[in-house]
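Notes for the structure review
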Amino acid sequence: MPRQAAYPGIDLEQEGRYAIDSPGSPPNLLDGLPTLDAQLDEGEERYLIDPASKEDPKVKELTQVLIDWINDELAVHRIIVKQPLEEDLFDGQVLQKLIEKLENIKVEIPEVTQTEEGQKQKLRVVLDEADRILQAHGPHHHAKWTVEAIHSKYLVAMLHLLVALARYYRAPVRLPENVNVRVTVVQKRDGLLHQRQIIEEVTTTYDEWGLRQERDAFDTLFDHAPDKLNVVKKRLLLFVNQHLQRLNLEVNDLESQFHDGVYLILLIGLLEGYFVPLYDYYSAPTTMDQKTHNVAFAYELMMDAGLPRPRARPEDIVNLDLKSTLRVLYNLFTKYKQQTI
């Protein structure tokens, strides 16, 4: 089986829509790299970003947006990430601090020597934690940011990981859409270097689970009619309290009291007339994982009741996004407003 140096564990032929046969004669990135032949073993691959692609304005914009986001998050630690991004992220220390800050946890890193292998051991712990967190949002192609890829300073792998984290935590940034990077894959076969080109799709046009969404009535209310928005909030507050009072519960703040999913689950159970077993959700969630699980579970209950899948991601509710919370509650109000207590 071929060994892959910078991007192990990925069958690029399976990345169907990313792979291309370059028209004409692709730029020969092997020129000027006389040591690459000596570096690669038979069957091993190396990934090289096309210089023109690295200078693409959208690639540079995405990289800078992510750097600015990291620096904002880690300002309290006085950590400043600069260009080139690869030099600051490859050993995992900045990624560790970023994940600890975003998730409000402490990543336990083993004490290892400051050798290349020691760095990889630490980086592996950090990436395992990132994979664990991101699984709450759905399947991610975590092989796109393997230890070898990150440690070898492969920018595309770092961009994949940071974009996934930014979308998961609903970072207050605008990620440029449809960012693609042209990559040359060099493989040593029969003692000779062979190259082919692929296109790595780093960002795409986001759907309802992404950061960008089509505008709706709530966008208009927030932007142009704050007085009418307050009327809607009061009506929704009355609606939820009419039902939650049966459990001696009262909501005073729609934004904060639904963010962990508990009241949302209880409300759906009351509206549908059944008891939700306590083992199905976290009754006193403390971590983002637990809260996200609760909200996602509430979404399942809503869909089981015949409601459409909410357009907001569970993380939007957990992150106290009022507009997303109002959208979810309004869907419940629309369906059950005629229900008497």
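Here the structure is shown first, and the text comes after it.
Below is a summary of the structure that appears in this document.

What counts and how
Residues numbered from 1 in each chain as written. Predicted model: local features only at pLDDT ≥ 70, side-chain atom pairs only at ≥ 80, totals over all residues. Heavy atoms only, no water. Buried < 20%, exposed > 50% of the residue type's maximum accessible area, 1.4 Å probe, protein only. Helix = DSSP H or I, 4+ residues; strand = E, 2+ residues; numbered from the N terminus. Contact = heavy atoms within 4.5 Å. 1 Å grid on protein atoms, 1.4 Å probe; cavity = no way out; pocket = protein on both sides within 12 Å on 5 of 7 lines; lining within 4 Å. Points joined across faces, edges and corners; volume = space filled by probe spheres on them. Nonpolar A, V, L, I, M, F, W, Y, C, P; charged D, E, K, R; others polar. Salt bridge = Lys/Arg side-chain N within 4 Å of Asp/Glu carboxyl O.

This next bit is on helix α5 (residues 93-103). Burial of α5 is extensive: 8 of the 11 residues sit out of reach of the surface. Regarding α5, the residues found buried are Val94, Leu95, Gln96, Leu98, Ile99, Glu100, Leu102 and Glu103. Structurally, α5 contributes buried residues whose contacts are with α3 (57-73), α4 (85-89), α6 (116-134), α7 (147-151), α8 (155-168) and α13 (288-304).

Enumeration over the complete set of coordinates arrives at 1 cavity of 30 Å³ or more. Lining the largest cavity are Asp91, Gln93, Gln114, Gln119 and Lys122. Looking at the lining of the largest cavity, its residues break down into no nonpolar, 3 polar and 2 charged.

The subject of this paragraph is the pattern of salt bridges. All chains considered together, the criterion is met by 12 salt bridges. A salt bridge links Arg313 to Asp316; the shortest N-O distance between them is 3.3 Å. For the pair shown, Arg313 and Asp316 are each scored as buried.

Excluding glycine, residues mostly have negative phi values, and the peptide bonds linking residues are mostly trans. Residue Pro84 follows Gln83 across a cis peptide bond; omega there is -5 degrees. For Pro84, the position within the fold is in the loop between α3 and α4. One non-glycine residue, Lys153, adopts positive backbone phi at about 65 degrees. Topologically, Lys153 is positioned in the loop between α7 and α8.

The quantities given are spatial measurements derived from coordinates; they are silent on function.
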